[in-house]
Amino acid sequence: MDTNKLREQLKIDEGVKYEVYDDHLEYKTFGIGHLVVAGDEEYGAPVGTPVSEERVNAVFDSDVQKYIDESKKVFPNLEDLPEEAQQVIVNMCFNMGAPRLSKFKKFIAAVNDGNWSTAAVEMMDSRWATQVGARAERLRDRVQALAWNLKRLNDEKKAEELKERSKANNELMKYRSI
């Protein structure tokens with residue numbers, strides 16, 4: 001998975017702050033959506049405490065691996081899914097955690113079936129989508145694009161098959177006219 005691309009997407013969705021701040025639920029946070037926990041050197045630090053870019057990046061790298069692993073608990077086949085689906089799933093897991101993601105039963109079933117249109121619809125049929133608004137819409141659009149790309153590829157494949165059949169029929173007609 002392209003973690004650099006994921007980092008850039010999560011910077012948009014989570015924001016990036018080089019200091020300790022209170023998130024919307026009043027939890028101490030820093031960097032790219034990192035919740036301060038016991039064991040973090042920032043634990044107990046007051047809001048406004050500076051955090052270096054190096055620390056933010058190191059914690060983010062650790063968090064990404066954690067949420068990739070968490071995503072695999074919900075999607076054991078994560079690495080077999082299209083890159084774009086992997087990115088969206090890890091983004092969702094980063095935002096809500098695996099326990100909440102695992103409750104998206106219809107979304108999970110649609111992803112496992114490769115039914116990207118249904119997966120996109122099911123993402124939005126949730127309290128999460130209402131809570132995160134534009135983020136959910138951006139992620140939904142990326143999943144919907146998988147459906148459109150798959151349809152386009154199938155249409156191209158069908159067109160190529162028709163072209164080959166037409167070519168074979170033309171050859172057969174030439175043979176018959178001899």
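Calculation criteria
Residues numbered from 1 in each chain as written. Predicted model: local features only at pLDDT ≥ 70, side-chain atom pairs only at ≥ 80, totals over all residues. Heavy atoms only, no water. Pairing = 2+ DSSP bridges. Helix = DSSP H or I, 4+ residues; strand = E, 2+ residues; numbered from the N terminus. Core = buried A, V, L, I, M, F, W, Y, C linked by side-chain atoms within 4.5 Å. Buried < 20%, exposed > 50% of the residue type's maximum accessible area, 1.4 Å probe, protein only. Phe/Tyr/Trp six-rings, centres within 6.5 Å; stacked < 30°, edge-to-face > 60°. Lys NZ or Arg CZ within 6 Å of the ring centre and 35° of its normal.

Draft legend 1. Expanded view of the pairing of strand β2 (residues 28-31). By the bridge criterion, 3 bridges tie strand β1 (residues 17-22) to β2 in an arrangement that is antiparallel. Bridge pairing in β2 links Lys-17 to Gly-31. Here 2 bridges tie β2 to strand β3 (residues 34-35), and the two strands are oriented antiparallel to one another. Paired with Thr-29 across the strands is Leu-35, a residue of β3. Taking the residues that link successive antiparallel strands as the turn, the β2-β3 hairpin has 2 residues, and the phi of Gly-33 there is positive, at about 65 degrees.

Draft legend 2. How the structure looks around the nonpolar core. Grouped together as the largest cluster of nonpolar side chains are 44 residues, with contacts concentrated most on Phe-75, Met-92, Leu-101, Phe-107, Trp-116 and Trp-128. Among the secondary structure elements, those contributing two or more residues to this core are α1 (3-14), α2 (53-74), α3 (83-101), α4 (105-113), α5 (116-124), α6 (127-132) and α7 (134-176). No other element matches the 10 residues that α3 contributes to this core.

Draft legend 3. A look at the packing of aromatic side chains. Evaluation of the coordinates by the stated rule reveals 5 aromatic pairs. Aromatic side chains Tyr-67 and Phe-94 sit 5.1 Å apart centroid to centroid with 55 degrees between the ring planes, which places their arrangement in the tilted category. Of this pair, Tyr-67 sits in helix α2 while Phe-94 is found in helix α3, placing the two residues 27 residues apart along the sequence. Neither Tyr-67 nor Phe-94 differs from the other in exposure class; each is buried. Taking 6.1 Å as the distance between ring centres and 80 degrees as the angle between the ring planes, the aromatic pair formed by Phe-104 and Trp-128 counts as edge-to-face. Taken together, the positions of Phe-104 in the loop between α3 and α4 and Trp-128 in helix α6 put the pair 24 residues apart, joining distant regions of the chain. Through a chain of ring-to-ring contacts, the aromatic side chains of Phe-75, Phe-104, Phe-107 and Trp-128 assemble into a single cluster. One Lys or Arg, Lys-17, reaches over the ring of Tyr-21 and ends 4.4 Å from the middle of that ring.

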